[in-house]
Structure formats: structure tokens, C-alpha cells
Amino acid sequence: MQKIRSSEITPAAEYVAYRQTLSRRGLLGALAGVAGGVVAAACAPASSAADVQPAATMAASSTTAPVPTTAAATAAAPAIAATTASAAPNVDELGNSFTDYAAVTGYNNYYEFSTDKEGVAPAAAGFAVEPWTVQVGGLVNKPATFDVGQLRKQFGEEERIYRLRCVEAWSMVIPWQGFQLGKLLQAVEPQAAARYVRFETLLDPERMPGQQQAWYSWPYVEGLRLDEAMHGLTLLATGLYGSALLPQNGAPLRLVTPWKYGFKSIKAIVKIDLVAEQPTSLWMAAAPNEYGFYANVNPQVDHPRWSQASERRIGEFSRRPTLPFNGYADEVAGLYAGMDLQANF
Ligand code: MTE
């Protein structure tokens, strides 16, 4: 694990101390309630070089899923899921401890900078994230280009503690700050024909040297069904551990969908489009048999190279069973009612 600068340790330590104080005063649950009240997680680093390799063979295509109408999707939207907020300091709602700040910020997947997890942070150090604008358009009535500072002001920042589960079968628990994607989408008014949301990372091979490699079709692209995008758990993260996101974690704006594998959580977003057709992600294009559109965490559907039955929490030695939808089934399983989750991986 690479050494963490003291300038990075201090904010994390302050954040933990702050939460402990709130907990002593009985205010932590209240804060979580105000903030949106969900405690969850995402995807994390692999344990060996083999873990890091991109995938190679999976099953069916995902064209059979029912797609809700725009009205249904947007109506169901920002009502945040009823996950229990944690009133204890520094654990999620299941009692899982936060992953160390050093691991969250030092063990990363970000192929634009490096395919070596511990090489991402040094390679991304100094990556300038100001000024930064995000263009939101496509099938919407009010397309707009937002400055990230403006987004934070307009939509606020709340804490979400989410489990992050990587398809490489490792996991973390991360305290994020950010705002619900649904708030932004509602502001631009999706049109009736909009069924999906397509996200794009910055394309700048000079500043993101991994993009000079032709193995992948850059820029990194990801997508969600509109109802997934509008779901209360879906976050646009601007910070973690109480500080602004660092470049290695996707600064200044990164998607977090805690019930899906971590590769869905696209970093350094510059473009969000509402579209009619299911977007093809970078991973779907690279290895369609390995990476599907849905990518819901599912212990019963293995990746060709990684069993998904269990996972290794970063910082722990023994493995733990994988939870369906990464432990968020109560909140999101209804989105997939009637769908064949083997076929729609
Ligand atoms: N976004 C971009 N633009 N490029 C990437 O390589 N990697 C994804 C996702 N977002 C990736 C990305 C993968 S595979 C994972 S597991 C998570 O970011 C890792 O997020 P973390 O480094 O903050 O843990």
C-alpha cells in the first residue's frame, strides 16, 4: 500500500473524530436522517495482479428487461429508500466498519491513469479538477451545462455510507458525500422518450495517459436505466470521508450505485445524456460476455474469472458471503421484478 501524505490523513482523522462526537451527543442518526439516511457501500481493490485483469466471457445479452416509462421512472424517483441509518460512529447500517481512508484513496481502479491499483493515486496526483463543467442533455426539456460548484450549491451535499463491491470480489465501506442524481435529472426535465441515462468520463489523453492505449474504446462510458438513475440510493459523489474527492476516486464528480458492481460508478463525469436506447458501456464493448448492462451484485451469477459467491472486505483476511444486491435488496429488488437476472447480468 502506498504511503498516504499527512495532508490526506488529517481530514480523514478529523472526519472520524467529528462523527464520534456526534455519536456521543446522540446526533449521528439525526444527521443521517437529515442527510438522506442511507448507509451503504461500493467497489474496491483487488488482492493480486490476477484480480486486476479485465474480464473475458459471460452470458446472455440484456435486451429482455422491461423498461419503465419516463413518467413511472421519474415518479418513483427521489423518494429515498428506507435503509436504516446508522447511529453508531463509523459503521454502516449492518455494523460493518468503514474501510481505512488509506485503502479507499490508495487502492483504486482507474484505467485512465494506471492498471496498477496502487499506481493510480500517484499517477493521478495533480490532475486538475477545476474548473470543471458537466453537460446534461439529450432527451430533456432543459439541457444545461453546470459548473460542479454550482451543482453542489444547487443540490447540496449529504452523507451516504455505502458498501462498494467490485466485480473482482473485493469490497469496501465508504462514507461518501454528494447529492442524489435524481435531483439533477428532474431539474433538466426528462422527455417521455427518455429511457436510459448515459454517462461519459473526460476524454483527454494528455492528462489521462491510459487513454493513449488503444485497448479500450475511450472515453469510459456507463449507463443506467432511467428508474435506476432516479432511485433514491443513486448518488453523484463529490466527496468522501468529509473532504472533496481526490482525483483517484473520480474527482470532481463520480457516480455511486451501491447495489451494482463498482465498474458502474464512472469517475470524472463530463457528460450526462438521457437517451432512448440502452447505452453500451466501455466494459460491454470490451468484453460483452463478461460485462452486462445491469451489473447488479448477485452471488448466484459468477463472472467468468471471479466467483461472486463470496468477497473479501479490504482490511479483512477471511471472506464473507456476497449479499444479493450488495445488501440493498429491500430498496432495489423491485426495480427488477419479473426479470431474468441470469440473462440480464
Ligand atoms: N471510472 C473510470 N472513468 N475509469 C475506470 O477505470 N473503474 C471502475 C469505477 N469507475 C473506472 C471508473 C471500477 S472497475 C471500479 S471498481 C471503481 O471505479 C473503483 O472506484 P475506487 O477506485 O474509488 O474504489
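Residues numbered from 1 in each chain as written. Predicted model: local features only at pLDDT ≥ 70, side-chain atom pairs only at ≥ 80, totals over all residues. Heavy atoms only, no water.

## What to know about the pattern of salt bridges
- Per the stated rule, a full pass over the model turns up 18 salt bridges.
- A salt bridge links Arg207 to Asp204; the shortest N-O distance between them is 3.6 Å.
- Overall, the relative accessible area of 19% leaves Asp204 in the buried class. (Salt bridge = Lys/Arg side-chain N within 4 Å of Asp/Glu carboxyl O. Buried < 20%, exposed > 50% of the residue type's maximum accessible area, 1.4 Å probe, protein only.)

## Topic: the confidence of the model for the protein chain
- Mean pLDDT over the protein chain: 85, with 79% of residues reaching 70 or higher.
- In the model, residues 76-85 has pLDDT below 50 throughout and makes 33 contacts with residues more than four positions away in sequence or in other chains. (pLDDT = per-residue confidence, 0-100. Contact = heavy atoms within 4.5 Å.)

## Some thoughts on the nonpolar core
- Judged by nonpolar contacts, the single largest core of 88 residues is most densely connected at Leu181, Leu184 and Ile272.
- Here this core takes six residues from strand E5 (residues 170-180), the largest share from any one element.
- Other than its neighbours up to four places away in sequence, Ile272 contacts Val134, Gln135, Val136, Gly137, Leu181, Leu184, Leu185, Val197, Arg198, Phe199 and Leu236. (Core = buried A, V, L, I, M, F, W, Y, C linked by side-chain atoms within 4.5 Å. Helix = DSSP H or I, 4+ residues; strand = E, 2+ residues; numbered from the N terminus.)

## Description of the packing of aromatic side chains
- This structure, assessed with the given rule, holds 20 aromatic pairs.
- Aromatic pair Tyr111 and Tyr216: ring centres 5.8 Å apart, planes at 55°, arrangement tilted. In this pair, Tyr111 is assigned in the loop between helix H5 (101-106) and helix H6 (120-124) and Tyr216 in the loop between strand E6 (196-201) and strand E7 (221-225), connecting sequence segments 105 residues apart.
- Tyr216 sits in the buried class, given a relative accessible area of 12%.
- Three or more aromatic residues link up through ring pairs in this structure, and these residues are Tyr111, Tyr216, Trp218, Tyr261, Phe263, Trp283 and Tyr291.
- Residue placement shows Lys117 over the ring face of Tyr107; its charged tip is 5.9 Å from the ring centre.
- The residue whose ring lies beneath Lys264 is Phe293, and the NZ or CZ to ring-centre distance is 4.4 Å. (Phe/Tyr/Trp six-rings, centres within 6.5 Å; stacked < 30°, edge-to-face > 60°. Lys NZ or Arg CZ within 6 Å of the ring centre and 35° of its normal.)

## Things to note about the sheet that holds strand E3 (residues 144-147)
- Strand order in the open sheet formed by five strands is E3-E2-E11-E6-E7, with mixed pairing between adjacent strands. A strand with exactly one partner marks an edge of an open sheet, and here the two such strands are E3 and E7. Going from strand to strand, the sheet's axes swing by 20° on average, the running direction of each strand aside.
- Along the sheet, helix H7 (residues 148-155) contacts strand E2 (133-138) and E3; its crossing angle with E3, the most-contacted strand, is approximately 90°.
- Relative to strand E11 (residues 269-275), helix H8 (residues 181-188) is tilted by about 60°, and along the sheet it contacts E2, E3, E6, E7 and E11. (Pairing = 2+ DSSP bridges. Axes fitted to C-alpha atoms, helices over the stretch in contact; angles between N-to-C directions.)

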